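Coordinates in review
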Amino acid sequence: MIRSTIICFLIFIAAITTNAQNKIINPGAIWPDDRGNHVQAHGGGIIKIKDTYYWYGEERAQGLDPKFRYVSCYSSKDLTNWKFKGDVVKMSDPENLGDGWILERPKVYYNKSTRKYVMYFHLDTRNYQYARVGIAVSDKPDGNYTFVKSFRPLDHQSRDIGQFIDDDGTAYLIFEDRALGFHIVKLADDYMSVAKEMSLVHMPLEGGAVVHYNGLYYAIGSSLTGWDPNPNKYATATSLEGPWSEFKDIAPPETKTYHSQSTMMLKVVGTKTTTVIFMADQWKPNAQWDSRYLWMPLEIGDGKLWLNEPKPWSIDVKTGEHKFVADTNK
Ligand code: GAL
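Before going into details, it helps to say that this report is about the structure given with it. Being a predicted model, the structure only gives us computed values, none of them experimental.

Procedures and definitions
Residues numbered from 1 in each chain as written. Predicted model: local features only at pLDDT ≥ 70, side-chain atom pairs only at ≥ 80, totals over all residues. Heavy atoms only, no water. Buried < 20%, exposed > 50% of the residue type's maximum accessible area, 1.4 Å probe, protein only. Helix = DSSP H or I, 4+ residues; strand = E, 2+ residues; numbered from the N terminus. Pairing = 2+ DSSP bridges. 1 Å grid on protein atoms, 1.4 Å probe; cavity = no way out; pocket = protein on both sides within 12 Å on 5 of 7 lines; lining within 4 Å. Points joined across faces, edges and corners; volume = space filled by probe spheres on them. Nonpolar A, V, L, I, M, F, W, Y, C, P; charged D, E, K, R; others polar. Phe/Tyr/Trp six-rings, centres within 6.5 Å; stacked < 30°, edge-to-face > 60°. Lys NZ or Arg CZ within 6 Å of the ring centre and 35° of its normal. Near = heavy atom within 4 Å. Polar contact = N/O pair within 3.5 Å; in protein donor to acceptor, adjacent residues only side chain to side chain.

A few words now on the pairing of strand E5 (residues 102–111). For E5, the tally of buried residues reaches nine of ten residues, placing the bulk of the element in the interior. Bridging between E5 and strand E6 (residues 116–124) involves eight bridges; their strand directions are antiparallel. Looking across to E6, one finds that tyrosine 110 is bridged to tyrosine 117. Hairpin geometry of E5 and E6 is characterised by an intervening segment of four residues between the two adjacent antiparallel strands and by a positive phi of about 60 degrees at arginine 115.

Quick look at the structure:
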């Protein structure tokens, strides 16, 4: 009797654990996926295909084979609960880059005319001197992606990359070019190369991201301090070709962007309102698998952009509304 009661109890616990749903987004906390594992999508990016969001990022779980670099993919309908779709890239050194070669900040674009999913990423040697973008393609959002080539966009060095898709669907790449600043470039029609420079913004920023909100472009990025956080900054322009305003802090500078580094801004346009989400990484260089995500709705409009102190929140992707809530995931 006691034994069967215990077994029933364990089955009950297993059932509620498996069905556990995240109700909130809790910045800086462990973010459990559908398997209960912390999401591994660092330096990531998100695209929406019909009503599904896909989150791609650096897979940095413990115990991965050091010969390979991995990009993970997760899917979600609500931006809060993420289903692990697998490592859509498991790549060995594609160009004789040597030990410690680097694949970082993957971003995926869907090309409607070729029907290909085109992934861009930062490809580099251990000492970050190769400074190129790599491209891998797939017929499906959740892979697998096959490596195609690497290049320097418009012959410039390219390290951190960012992704921006404008409201009209035009696809842009943002890339960091050391002392020169960062570039915003338009992709070619098939997304397999870079077509044209929109802006070279003379500000040394990485982790670059752009959002188009109420007729203004907002660009953000972090200073070049490696894994260490710093005060991220933003500027605005009425056109992607500039001119860009002066750069200002997005949060109290002493918080170093609440210990995070930008990777993307995601605009959620709903039936009632629009929320722009600041997506950032809280890196743990000595325990990268445990690096956290700081996602927060931004205060944005009329040329101002501000990141409030992180706290738990929830979003309704249908209406576009967000609200701050008690931490009910616990
Ligand atoms: C950061 C960059 C990361 C990674 C790191 C290595 O500045 O944003 O993606 O490259 O440097 O130190």
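Here the focus is empty space enclosed by the protein. Over the atoms, a rolled probe matching the size of one water molecule traces out where space is still vacant. Counted according to the given criterion, the structure contains one cavity of 30 Å³ or more. The volume enclosed by the largest cavity comes to roughly 30 Å³. Around the largest cavity sit Asp160, Ile161, Gly162, Ile174, Phe175, Glu176, Phe182, Leu205, Glu206, Gly207 and Gly208, which together line it.

Taken as a whole, the largest pocket encloses approximately 910 Å³ of empty space. Lining the largest pocket are 27 residues, and of these Ile47, Lys48, Ile165, Asp166 and Gly169 lie nearest its centre. When contributions to the lining of the largest pocket are tallied by element, the ones reaching two or more residues are strand E1 (42–49), E5, strand E9 (161–165), strand E13 (206–213) and strand E17 (261–269). In terms of residue class, the lining of the largest pocket is built from 16 nonpolar, four polar and seven charged. Estimates place the volume of the second largest pocket at around 670 Å³. Taken together, 25 residues line the second largest pocket, and the ones lying closest to its centre are Arg60, Pro66, Phe68, Arg69 and Trp101.

Our next topic: the packing of aromatic side chains. Enumeration according to the criterion identifies 19 aromatic pairs in this entry. Here the aromatic rings of tyrosine 56 and tyrosine 145 are separated by 6.3 Å at their centres, their planes lie at 85 degrees, and the arrangement is edge-to-face. Within this pair, whereas tyrosine 56 is found in strand E2 (residues 52–58), its partner tyrosine 145 is found in the loop between strand E7 (132–138) and strand E8 (146–151), the two being separated by 89 residues in sequence. In this structure, tyrosine 56 and tyrosine 145 share a single accessibility class: buried. An aromatic cluster of at least three residues, connected via ring pairs, comprises Trp31, Trp55, Tyr74, Trp82, Phe84, Tyr293 and Trp295. The residue whose ring lies beneath arginine 35 is phenylalanine 84, and the NZ or CZ to ring-centre distance is 3.8 Å.

The next point concerns the environment of valine 71. Mapped onto the elements of the fold, valine 71 is located in strand E3 (residues 68–76). Taking the relative accessible area as the measure of exposure, valine 71 reaches 0% and is therefore buried. For the pair valine 71 and histidine 42, spaced 29 residues apart in the sequence, the C-alpha separation amounts to 9.2 Å.

With that settled, the discussion passes to the site of the ligand. In the vicinity of the ligand, the residues found are Glu104, Arg105, Tyr128, Asp160, Glu206, Gly226, Trp227 and Gln261. Measuring from an oxygen atom of the ligand, one finds a side-chain N or O atom of glutamate 104 at 2.6 Å. At a separation of 3.2 Å, an oxygen atom of the ligand approaches a polar side-chain atom of tyrosine 128.

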